[in-house]
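# Working through the structure, step by step
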Amino acid sequence: MTKLTKNESQIGPIGLNKGLTSYGDQEFSLFLRKAFIKGAGFSDKALDRPVIGITNTGSSYNPCHGNMPQLIEAVKRGVLMAGGLPMDFPTISIHESFANPTSMYLRNLMSMETEEMIKAQPMDAIVLIGGCDKTVPAQLMGAASAGIPAIQLITGSMLTGSHRGERVGACTDCRRYWAKFRAGEIDQEEIVEVNEQLVPSVGTCSVMGTASTMACIAEALGMTVPGGASPPAVTAQRMRIAEQTGEQAVQLAKDRLTIDKILTPAAFENALRVLLATGGSTNGLVHLSAIAGRMGVAIDLDAFHAMGQSTPVLIDLKPSGQHYMEDFDAAGGMPTLLRTLKPLLNLDVLTVTGQTLGQVIDAYGPTYPQEVVKSLDKPIYPQGGIAVLRGNLAPGGAIIKQSAAQASLMEHTGRAVVFENAQDLANRIDDPDLDVQPEDILVLKNIGPKGAPGMPEAGYLPIPKKLAKQGVKDMVRISDGRMSGTAFGTIVLHVTPESAIGGPLAHVQNGDQIRLSVKNRLIELLISDQELAQRSLNNPVQEPKATRGYLKLFLDEVNQADQGVDFNFLSAPITEKVPKKKN
Ligand code: FES
Ligand code: MG
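Please read these numbers as outputs of a predicted model, since none were measured by experiment.

Thresholds applied
- Residues numbered from 1 in each chain as written.
- Chains lettered and ligands numbered in written order.
- Predicted model: local features only at pLDDT ≥ 70, side-chain atom pairs only at ≥ 80, totals over all residues.
- pLDDT = per-residue confidence, 0-100.
- Helix = DSSP H or I, 4+ residues; strand = E, 2+ residues; numbered from the N terminus.
- Contact = placed C-beta atoms within 7 Å.
- Domains from an automatic or database assignment.
- Nonpolar A, V, L, I, M, F, W, Y, C, P; charged D, E, K, R; others polar.
- UniProt positions renumbered as here; feature names shortened; annotations may be inferred.
- Axes fitted to C-alpha atoms, helices over the stretch in contact; angles between N-to-C directions.
- Pairing = 2+ DSSP bridges.

The subject of this paragraph is the confidence of the model for the protein chain. Caution applies to low-pLDDT parts of the model: their predicted coordinates are not meant to be read in detail. Residue-level pLDDT values for the protein chain average 94, and 97% of them are 70 or greater. Averaged pLDDT values for the elements of the protein chain fall to 84 in helix α2 (residues 44-47) and rise to 99 in strand β4 (residues 150-154). In the model, residues 1-13 has pLDDT below 50 throughout and makes eleven contacts with residues more than four positions away in sequence or in other chains.

Here's what the structure looks like:
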């Protein structure tokens, strides 16, 4: 047996020595640790090198992570090739369709678990493997708080399917076909048939939904290897990215390139720019607020809106455009977008490659003609995808994904048709006697961070069946909830403060007039301040509470959408605001 010398336990943070629980005898602790890892079949030779942790977020409940075994194998290969010791370990996995009451409810739990397991176990760097919507933000939040060198590996998007000659993919087409079925345009047989085609492989949703948005954001933040966002889950390129990620993790460990050197205010500014230019999911803004909050950086919604004025949507992907992630990948993926956006980016920020973003952009591949990433002078939408609204209905702000909204509805005044909560909506939305007209505004309360709880993606209110049957495809809809990044429509989301804590939304009544003006950035309830104050006196709101468990922690500590729906005690004190530039 190799002698354990004093010197060895003083090597510093590299290797198995990290975080030894000594209780007065560090050498004995290391002796025990080595004995146990040898029990797993390792020799001394394997131990004398940087330890690279790898989060295993595979789960039978998570087909978006269905390539996890192959990814881990490839990461391990990369780590070994570069002279490190790969150590994978499980953490929570969250899938959009299988998490009750909503995946967002569990995101902070996953971030806490990721942070604590990174801190608890000896490792010099961490490879975070995530893909499905909430997993990448949870991992970046956790790693940001843990503070060690970290690199993100994306599981990759799913392939597209084919239905009766038409190309389809989750989940924009899931919604489109379901809407057709609700409207009676397609029959039972066809809806069953298309169901077989919407998710034709493992991997994340194939449009610019939240998963793809967060993949692009992770790369824009400098947290992935170049080109790491877009290769589909089942491709060889995805496995080579995994191998490269493992290799790079060892380099990060050797260089002690900790995550705080990557996740800087300038990097968050780049990520916000990319969020706008991708026509990305509105959830991206919430997640970015949470990740930034862990680094003491707040997102200034008004400055973000101003940034949108000078940031066109360039990526022609559903739901704002027409293509899918595999087309974006074939068009060169994020390096193509970043090269196009170069005049608008902070180029001197450091990435996990050890190079600056500017160097990465210049070094990456040749350019070639392609149709998915548009040029700055021929965008698919002239402004950024997301606009920020304010007004007496949302003093803390609200947002609308203007690139996925119907132009004719973006300046609209209408009569409120109010649903008190998600159950009320489910009970009445398809009632043939519901008093609703196409020009009305649908309002849903109590689906905010505390209201539902977890701020579910219920903000995409269905068009009432009787109107859908008349051919109505879009209406103005307002809530304090979120919507799926794969959804589309004239939908106002994240109304802050939420109704469950007594925000003005709580006091909207059937028949009130509401005015939406995206041009003037306004969302207004057309009643007087006195009337609004009187209503809140007459109907004071009882905030939801729980007596035990994670639900209690959640309801006691969760903050509002503009702060990222994180727990108060997990955010760092705010020291900077982004974006700084006003255009
Ligand atoms: Fe996992 Fe869409 S359900 S990415
Ligand atoms: Mg989603």
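Our next topic: the domain arrangement of the protein chain. Each assigned domain of the protein chain is listed here: domain 1 (162-196) and domain 2 (387-569). Each of domain 1 and domain 2 has a C-alpha centre, and the two are 28 Å apart. Each side of the interface is counted separately: domain 1 has seven residues, and domain 2 has six residues. For the side of domain 1 that touches domain 2, the per-class residue count stands at three nonpolar, two polar and two charged.

Moving on: the UniProt feature "domain: Dihydroxy-acid/6-phosphogluconate dehydratase N-terminal" (unreviewed entry) in the protein chain. As recorded in UniProt, the sites labelled "domain: Dihydroxy-acid/6-phosphogluconate dehydratase N-terminal" (unreviewed entry) are residues 49-359. Structurally, residues 49-359 is divided into 47% helix and 10% strand, and its ends, taken at the C-alpha atoms, are 29 Å apart.

Next up on the list: unusual backbone geometry. In this structure, Cys 171 follows Ala 170 across a cis peptide bond, with omega equal to -5°. Looking at the element boundaries, Cys 171 is found in the loop between β6 (166-168) and α6 (172-182). Backbone torsion omega between Lys 318 and Pro 319 reads 5°, so that peptide bond is classified as cis. Tracing the chain through its elements places Pro 319 in the loop between α12 (301-309) and α13 (325-330). One non-glycine residue, His 494, lies in the positive phi region at around 55°. Within the secondary structure layout, His 494 lies in the loop between β13 (491-493) and β14 (513-517).

Moving on to the packing of helix α5 (residues 135-146) against helix α8 (residues 210-220). The geometry of α5 relative to α8 is characterised by a closest axis approach of 9 Å and an angle of 35° between their N-to-C directions. Where α5 abuts α8, its residues Val 136, Pro 137 and Leu 140 lie against Met 214, Ala 215 and Ala 218. A breakdown of the residues in the contact of α5 with α8 according to their chemical character gives six nonpolar, no polar and no charged.

Here we take up the sheet that holds strand β2 (residues 85-90). Through backbone hydrogen bonds, the strands of a sheet pair up, either in parallel or in antiparallel fashion. Here we have four strands laid out as an open sheet, ordered β2-β1-β3-β4, and parallel in their pairing. Both edges of this open sheet fall to β2 and β4, since each of them pairs with a single strand only. Strand-to-strand twist across the sheet, computed as the mean angle between neighbouring axes with direction ignored, equals 25°. In this structure, strand β1 (residues 51-56) lies alongside β2, joined through six bridges in parallel fashion. Across the sheet, the residue bridging to Gly 53 is Met 87, located in β2.

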